[in-house]
Amino acid sequence: MVEQAQFSKALLHPKHWGLWFGIGLGRLVSMLPLNWQMGLGKAIGRLIMKLAKGRVRTAKRNLELCFPDASLEEREQLLKRNFEETGCAIFDTICAWWWSDQRVQAHMNIKGQEHVQSTLDSGQGVILFAVHCLPLEMGARIFGQFNPGVGVYRPHHNPVMEYLQVKGRLRSNKALIPKKDMRQMVRSLRAPDVIWYTADQDFGRSSAVFIPFFAVPEAATITGGTTLAKLGKAKVLPFFVQRNADNKGYSIEIGAPLENFPGENELADAIRGNQIIEEQIKRNKAQYMWLHRRFKTRPNEDDPSVY
């Protein structure tokens, strides 16, 4: 479990100066009004769309696979909006990592925190069942304003980014747990505590079942949520965050604990989980991370790639 960001002089090596310069610029921009930042973010997103052709192909293919009944024009509009939102997510993250608590509180709206408190009061841990929406970093920062929790994360290979993400994510939360450390997750839930959990990306064939995800009949989906809830004796609560349409703030909504979860088997739980994920994504399709190769793992190893 990581409870503090570790700074070392090695992070100031000249090879990192370019990154530090960019971070400094980002911090300056974070002082601007939020809607100004989002205007700049959309412009950056459109630039990314012109330069990152591989990511464009991936996002476009994901939208084709998930929404085959949508018209080409509808998908193209959604694709453009998604890249604009991706550019905005840069500033969502910067603000989440560096804004003061007071400024975060001035830009947030929360619904459903009573579900978290009542679950903890009952002596059970809370699994916040989230999706990889683009403002997720801000969602965690907002959540920590009223009930600091524990984040499950992937350590960054760049030491500067690792230091910054740990420092930023601990601004209003307790600790971080590497995503492979299931034992520590269970301990945290039994404390009881709150952790974030996502199951909407393709993590490979290990511990996965192939079940429907939107219009894709067989998408690799991890079943760790069932195991975590059982071993941690925890309740699962849907967690949703979005940047408001006026680009002046953020809203999160936490649902009531899922009934009869975990259920009789992992497969049924995973299907139910994907249905919840789909409903969350539908609430704001443009703010979902469509750039991920969600369907890269096929049911059979010799099946052709959908990309």
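For the structure itself, look to the data block above.
In this report, the structure presented in the accompanying data block is examined. (Residues numbered from 1 in each chain as written. Predicted model: local features only at pLDDT ≥ 70, side-chain atom pairs only at ≥ 80, totals over all residues. Heavy atoms only, no water.)

1. Some details on the environment of Leu11
Stage number 1. Its place among the elements puts Leu11 in the segment before α1 (17–29).
Stage number 2. Judged by its relative accessible area of 4%, Leu11 falls in the buried class.
Stage number 3. Separated by 151 residues in the primary sequence, Leu11 and Glu162 have C-alpha atoms spaced 10 Å apart.
Stage number 4. Each residue touching Leu11, except ones within four places of it in the same chain, is listed here: Gln6, His16, Trp20, Pro159, Val160 and Tyr163. (Helix = DSSP H or I, 4+ residues; strand = E, 2+ residues; numbered from the N terminus. Buried < 20%, exposed > 50% of the residue type's maximum accessible area, 1.4 Å probe, protein only. Contact = heavy atoms within 4.5 Å.)

2. Here we look at the pattern of salt bridges
Stage number 1. Within the structure shown, the criterion is met by 11 salt bridges.
Stage number 2. Across the salt bridge formed by Arg61 and Glu64, the nearest N and O atoms sit 3.3 Å from each other. Taken together, the residues span about one helical turn, with Arg61 and Glu64 both in helix α3 (residues 53–66) at a distance of 3 residues.
Stage number 3. The exposure class of Arg61 is partly exposed, given its relative accessible area of 28%.
Stage number 4. Classification of Glu64 by relative accessible area gives partly exposed; the value is 31%.
Stage number 5. When the shortest N-O distance is used, the salt bridge between Arg205 and Glu301 registers 3.9 Å. Placement of Arg205 in the loop between β5 (194–198) and β6 (208–213) and of Glu301 in the segment after α11 (266–282) is noted, with a sequence separation of 96 residues between them.
Stage number 6. Note on Arg205: relative accessible area 33%, which makes it partly exposed.
Stage number 7. By relative accessible area, Glu301 is classed as exposed at 71%. (Salt bridge = Lys/Arg side-chain N within 4 Å of Asp/Glu carboxyl O.)

3. Notes on the packing of helix α4 (residues 72–98) against helix α7 (residues 136–143)
Stage number 1. It is the contact of α4 with α7, at a shortest axis distance of 7 Å, that shows an interaxial angle of 25 degrees. As judged from the angle between their axes, α4 and α7 are roughly parallel. Note on packing geometry: the crossing formed by α4 with α7 is left-handed. Counted together, Asp92, Thr93, Cys95, Ala96, Trp97 and Trp98 of α4 and Glu137, Met138 and Arg141 of α7 form the full contact between these two elements.
Stage number 2. Counted by class, the contact of α4 with α7 contains 5 nonpolar, 1 polar and 3 charged residues. (Axes fitted to C-alpha atoms, helices over the stretch in contact; angles between N-to-C directions. Parallel < 35°, antiparallel > 145°, perpendicular 65-115°, else oblique. Left-handed = near helix turned anticlockwise from the far one by under 90°. Nonpolar A, V, L, I, M, F, W, Y, C, P; charged D, E, K, R; others polar.)

4. Notes on the pairing of strand β7 (residues 216–222)
Each regular strand shows side chains that alternate between the opposite faces of the sheet.
Stage number 1. β7 sits mainly inside the fold: 5 of its 7 residues count as buried.
Stage number 2. Where β6 lies against β7, 5 bridges are found, and the strand directions are antiparallel. Bridge pairing in β7 links Phe213 to Val216.
Stage number 3. The turn linking β6 back onto β7 is made up of 2 residues, and Phe214 within it adopts a positive phi angle of 50 degrees. (Pairing = 2+ DSSP bridges.)

5. Quick look at the side chain of His132
Stage number 1. Summarising the element assignment, His132 is placed in the loop between β2 (125–130) and α7.
Stage number 2. The exposure class assigned to His132 is buried, which follows from its relative accessible area of 16%.
Stage number 3. Side-chain polar atoms of His132 contact the side chain of Asp200, separated by 2.7 Å.
Stage number 4. Every residue in contact with His132, bar those within four places of it in the chain, is listed here: Thr198, Asp200, Gln201, Tyr288 and Met289. (Polar contact = N/O pair within 3.5 Å; in protein donor to acceptor, adjacent residues only side chain to side chain.)

6. Digging into unusual backbone geometry
Stage number 1. The linkage connecting Ala191 with the following residue, Pro192, adopts the cis geometry, with an omega of 0 degrees.
Stage number 2. Position of Pro192 relative to the elements: it lies in the loop between α9 (182–190) and β5.
Stage number 3. Pro262 follows Phe261 through a cis peptide bond whose omega is 5 degrees.
Stage number 4. Relative to the assigned elements, Pro262 resides in the loop between β9 (250–254) and α11.
Stage number 5. The phi torsion at Phe214 lies on the positive side, around 50 degrees, for a residue other than glycine.
Stage number 6. Take Phe214: it is sitting in the loop between β6 and β7.
Stage number 7. With a relative accessible area of 16%, Phe214 lands in the buried category.
Stage number 8. Phi angles above zero are rare outside glycine, and Lys233 is one such case at about 50 degrees.
Stage number 9. In this structure, Lys233 sits in the loop between α10 (224–232) and β8 (234–243).

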